[in-house]
Structures are given as C-alpha cells and as structure tokens.
Amino acid sequence: MPAVLFVLYLVVEFAALFGLSQLIGTFPAILVLIGVSAAGVLLIRSQGRRVFAQLGRAGRGEAVPGAAVANGVLVAAGAFLISIPGLVTSVVGLLFLLPPTRFVIRPFVTTLGARRLGRMAAAMPYRGVVIDGDDVVDGAVVSEWYDDGPPSTRRAIGD
C-alpha cells in the first residue's frame, strides 16, 4: 500500500507541475513552486510562535484547549507538507498554515479527534487501582487490588 500511495503522490505532483507549466510556462511555474515553499517557511515560523503562545494560554486556562490543540495539529501538518517537495503538497501545507483556512478546517479536525479519542477510550477497559488506608506502611504500598469498574450490562454465558 505505501508503494501505491507514493506512486499516486508522484503522478499528482508531476501532473500539477506539468499543467501549471503548460498554463504559465516552465520558468514561471518553477518560480511559483519556489515562492509557495518560501511563503510556507515564513508562515511556519510566525504561526508556530502563535500556536505555542495559544497552547501556553490554554495551559493557564485563558483559552480553549481544543482550538489550541487543533491549531497545533494543523500547523504541524502544514509544516510537514511544506517540507515534502512538490507543488500540491506545498499548496495544501500553505493552506493549513493560513489562519483563515485553519478556522474553516479546525471543526473537522476537532470532530475527527474527538471521535478517535472516544473510540480509543471505549476500547480500553477501566482498571483503577484501589489502595486501602491500612495497606500503606511508611509511604510504601503493601498491597493493592484492581477495580474492574461498573458491572457489564451483558448477560453471562450461562444465563
């Protein structure tokens, strides 16, 4: 599967560059590719600082953490896409780095992340550790046991 995706990436990138060079010429198409990459590198620096500041405010309780994390994910994805050579990946990475397009994309990223975390949390059983007060001697736990959480609503095999 990775080989197929790589070949698809190459075909899309070559087709985009070929189409752009047919439309505006080869030298201007190369200048557009360099310009988009340069703009992306400049945006990585400024938007990275902005996202780190937003994450700091979220850590202090001054901002909504979900938006800060989604912005961080989008800026990181944009930086990754800018670092991959090609016109299409650079343009998509540039779109992830621009604040107006991040504002449009952020609800989708937040919904996808919440759904993924919900599935992961549902798949993990609750295994809380219970330590009774009598089982601690001089700060060391003498014995502990695991609580299996609330009982399952499913019927047992023999019932």
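Look up: the structure comes first, before these words.
The rules behind each value
- Residues numbered from 1 in each chain as written.
- Predicted model: local features only at pLDDT ≥ 70, side-chain atom pairs only at ≥ 80, totals over all residues.
- Heavy atoms only, no water.
- Helix = DSSP H or I, 4+ residues; strand = E, 2+ residues; numbered from the N terminus.
- Buried < 20%, exposed > 50% of the residue type's maximum accessible area, 1.4 Å probe, protein only.
- Contact = heavy atoms within 4.5 Å.
- Areas by Shrake-Rupley, 256 points an atom, 1.4 Å probe, with all protein chains shown as cover.
- Axes fitted to C-alpha atoms, helices over the stretch in contact; angles between N-to-C directions.
- Parallel < 35°, antiparallel > 145°, perpendicular 65-115°, else oblique.
- Left-handed = near helix turned anticlockwise from the far one by under 90°.
- Nonpolar A, V, L, I, M, F, W, Y, C, P; charged D, E, K, R; others polar.

**Q** What should I look at first to understand the overall build of the protein chain in this one?
**A** On a plain count of helices and strands, the protein chain comes out with 5 helices and 4 strands. For the protein chain, the sequential pattern of α-helices and β-strands runs α-α-α-α-α-β-β-β-β. Counting only residues that meet the buried cut, the protein chain has 21% of its 159 residues in that class. The contacts of the protein chain with a sequence gap of at least 6 include a subset with a gap of at least 24, amounting to 46%. As presented, the protein chain carries roughly 11400 Å² of accessible surface, and 71% of it is formed by carbon and sulfur atoms.

**Q** Looking at this model, I keep getting lost on the packing of helix α2 (residues 26–59) against helix α3 (residues 65–83). Mind explaining?
**A** Packed helices, taken two at a time, are described by their axes: the angle between them and the distance between them. Where α2 contacts α3, the two axes come as close as 9 Å, and the packing angle between them is 155 degrees. Classified by the interaxial angle, the pair formed by α2 and α3 is roughly antiparallel. You can see that α2 and α3 cross each other, and the crossing is left-handed. Contacts from Val36, Ser37, Gly40, Val41, Ile44, Gln47, Gly48, Val51, Gln54, Leu55 and Ala58 in α2 reach Pro65, Ala67, Ala68, Val69, Asn71, Gly72, Val75, Ala79 and Ile82 in α3. Looking at the contact of α2 with α3, its residues break down into 13 nonpolar, 7 polar and no charged.

**Q** I tried to follow helix α4 (residues 87–97) on my own but got confused; where do I start?
**A** An α-helical turn contains 3.6 residues, so a residue and the one three or four places further along point in the same direction. Turning to α4, its buried residues number three or more, namely Leu87, Thr89, Ser90, Gly93, Leu94, Phe96 and Leu97. The inward-facing, buried residues of α4 abut α1 (2–24), α2, α3 and α5 (99–123).

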